[in-house]
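What the coordinates show
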Amino acid sequence: MIDEDIYGIKKWGDDILNVLDNGNIGLKNPFFPENQPVDLIKIIKSLNERGISCPLLLRVTDYLAYRIQQINKTFYKAIKEIGYQGEYKGVFPVKVNQQAQVIDRIVDFGKEYHFGLEVGSKAELLIALAHDLSSESTIICNGIKDREFINLAILSQKLGFKTILVLESPRELDIVIKVSKELNIRPFLGIRIKLTNKVSGKWSESSGDRSAFGLSVEQVMDVINKLKNNGYLDCLILQHSHLGSQIPDIIEIRKATQEACRFFSEITNQGAPLKYIDLGGGLGVDYTGEQKSVVNSINYSLDEYCINIVETVKYELDQSKIKHPTIITESGRACVASSSMLIFNILETTNFDSYEKQEANKDDHPLLKNMMQIPDYLNVDRAQECLNDLNYYRDEIRTLFKSGQINLPAMAKTEETYLYVINKIKEVLTFSNEITEELQSSIDNMADIYHGNFSLFQSLPDVWAIDQIHPIAPIQKLNEIPKRRGVLNDITCDSDGIINKFVLKDGIYNTLPLHEIKDDEDYFLGVFYIGAYQETLGDLHNLFGDTNVVTIKLKDHGNFQLLHEQEGDTISEVLSYVEYEPKDIINRFKNIVEDAVRSRDLSLVERKKLIETFKESISGYTYFEN
Ligand SMILES: Cc1ncc(COP(=O)(O)O)c(C=O)c1O
């Protein structure tokens, strides 16, 4: 009996994905759950027919619109239920996904909620200022700012933007005051406080006393005094704090909110007319669906997150009799992660099987003979012993081979026997629940390697850099039992280009159940929840560039609409990123070919062919093409 949810799709992807009757993954429309889901394989085939091939980054606008709606509406609901007197107006942190197609849509979908943008650099500020934001939304400027940044931010107020400069250091304030005086504009100012509460998870270092960002208590006092002395305290309208991304535990969010409120009350009591409390990002994504306070998961729902924040702000500020401010959060990951997925095809597999029993013969080395006898005493209880023996005999025979006492055919027979026996051990353990770590790791070491048409460094940099787990599943054959277990290897020639942590229905595993691949059919895998941070953090390792990107909208009756296509980098483009001028490189090649005509008897027809082939490659996709 096939378990269709072996990959745990129900726990990590229930509102956006399901398994269709034909075994393919279907993309559900969260706005219209009763609509027929759109077959992901049908999308890929239809894109292929248009000439758009894998690897492919697929953006589903409905998922972006849905998350923005969810975040805003859930805050509104919490505000209503709790009787909070202020509003919620979130911002999207541009750094989480700066791509124009994404930001344009966020601004568009967010307009009705007065959703603004958070920027952390001049370039991001320019992006924000080029958008038609709701007049009631804010542009929050975080990060270290120079004079030019500050100048532009303050000037933008003239266009009706509510651009708030969040002071990250006392030094910044001197420039702000100077520029404001020169421009004769009263700036909108915020102050970034450093909370003492530390959070767990991967971004623990961005919280607590040692955090690189925000003002310490003494600096907060300095800034307030300086603002007072220069007559600018009335400009201080926002307080900002940020704990770090992907906060796993709701208690940490509540405690940080509580501490932020204490600062808010104190700064207000110092005479600042604070109107906004900005609690930064950190709303996590349950990548593994475990619903636990562990890395890659979270122990709270969006409802809980909103209620905890609104309730805490209300309670704390009521205690200090302070008017409820507008709550801002800077949720990046939670907004965009689900809207992008990477789809790639498997190119080939390497497996470590041998089902063929080697015939013993009288000339075999005694150690090899012993090895061949292991299956005779193999059973579940003696599996570890058998593995120990197997490894011992093989190591001994390898040593003999190195010292010339065993020849190549005998060594090959040993390795075949090793694979045969280890597969027998795997078989015996298939239905055992009590596998020791050592046995499990030996079995994992024998897993297949599925070579995928993607670059981990370009498309999934966090998997490499911080062991991020993204849910991964085949997007077809989910009605067939996956008989293989494998790890995934990308096409860079780097041993780090491997994925060996997978979310399955009942936990995290080192190998992924996979189907056998056949020469005459494509086998695609999907990596889900990659909309946050991955797209611009990626690098050009081995000069694999940006993948093709397609933005779609889900329609009814299982159809979709292609909204936008962005061709992936060509080889010529990636060469120019690394200081090669494509025309120049073609000319260099032509010179080499011409030399060969002179000195190596290269025919003119061959010359032409070589140059054509070179030119064709330089304008092609950096990934494997069919
Ligand atoms: C200041 C600031 N705001 C917001 C975010 C976004 O955080 P997240 O993606 O966890 O919502 C970050 C990222 O760490 C950040 O540094």
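See above for the structure.
Overview of the structure.

Parameters at a glance
Residues numbered from 1 in each chain as written. Predicted model: local features only at pLDDT ≥ 70, side-chain atom pairs only at ≥ 80, totals over all residues. Heavy atoms only, no water. Pairing = 2+ DSSP bridges. Helix = DSSP H or I, 4+ residues; strand = E, 2+ residues; numbered from the N terminus. Near = heavy atom within 4 Å. Polar contact = N/O pair within 3.5 Å; in protein donor to acceptor, adjacent residues only side chain to side chain.

Pairing geometry for strand β4 (residues 56-60) and strand β13 (residues 340-350), over four bridges, is antiparallel. For leucine 57, the partnering residue across the bridge sits in β13 and is leucine 342. Summarising the sheet, β13 and strand β21 (residues 524-527) pair through four bridges and their orientation is antiparallel. For asparagine 345, the partnering residue across the bridge sits in β21 and is phenylalanine 524.

What follows concerns the site of the ligand. Neighbouring the ligand are 16 residues, the closest being Ser245, Glu330, Gly332, Arg333 and Tyr533. Glycine 282 has a polar backbone atom sitting 3.0 Å from an oxygen atom of the ligand. Between the ligand and arginine 333, the relevant distance is 2.9 Å, taken from an oxygen atom to a main-chain nitrogen or oxygen of the residue.

A separate point is the sheet that holds strand β1 (residues 17-19). With respect to topology, three strands assemble into an open sheet ordered β1-β2-β3, the strand pairing being antiparallel. Two strands in the sheet have a free side with no partner beyond their single neighbour: β1 and β3 (38-39). Bridge analysis of strand β2 (residues 25-27) against β3 gives two bridges, and the strand direction is antiparallel. Across the sheet, leucine 27 pairs through a bridge with valine 38, a residue of β3.

This part covers unusual backbone geometry. Omega for the peptide link from cysteine 54 to proline 55 comes to 5°, which places this bond in the cis form. Tracing the backbone shows proline 55 in the loop between α2 (40-49) and β4. A positive phi angle, close to 70°, is found at tyrosine 533, a residue other than glycine. Position of tyrosine 533 among the secondary structure elements: in the loop between β21 and α18 (534-537). A positive phi angle is found at histidine 557, which is not glycine, with a value near 55°. Within the secondary structure, histidine 557 sits in the loop between β22 (548-554) and β23 (560-566).

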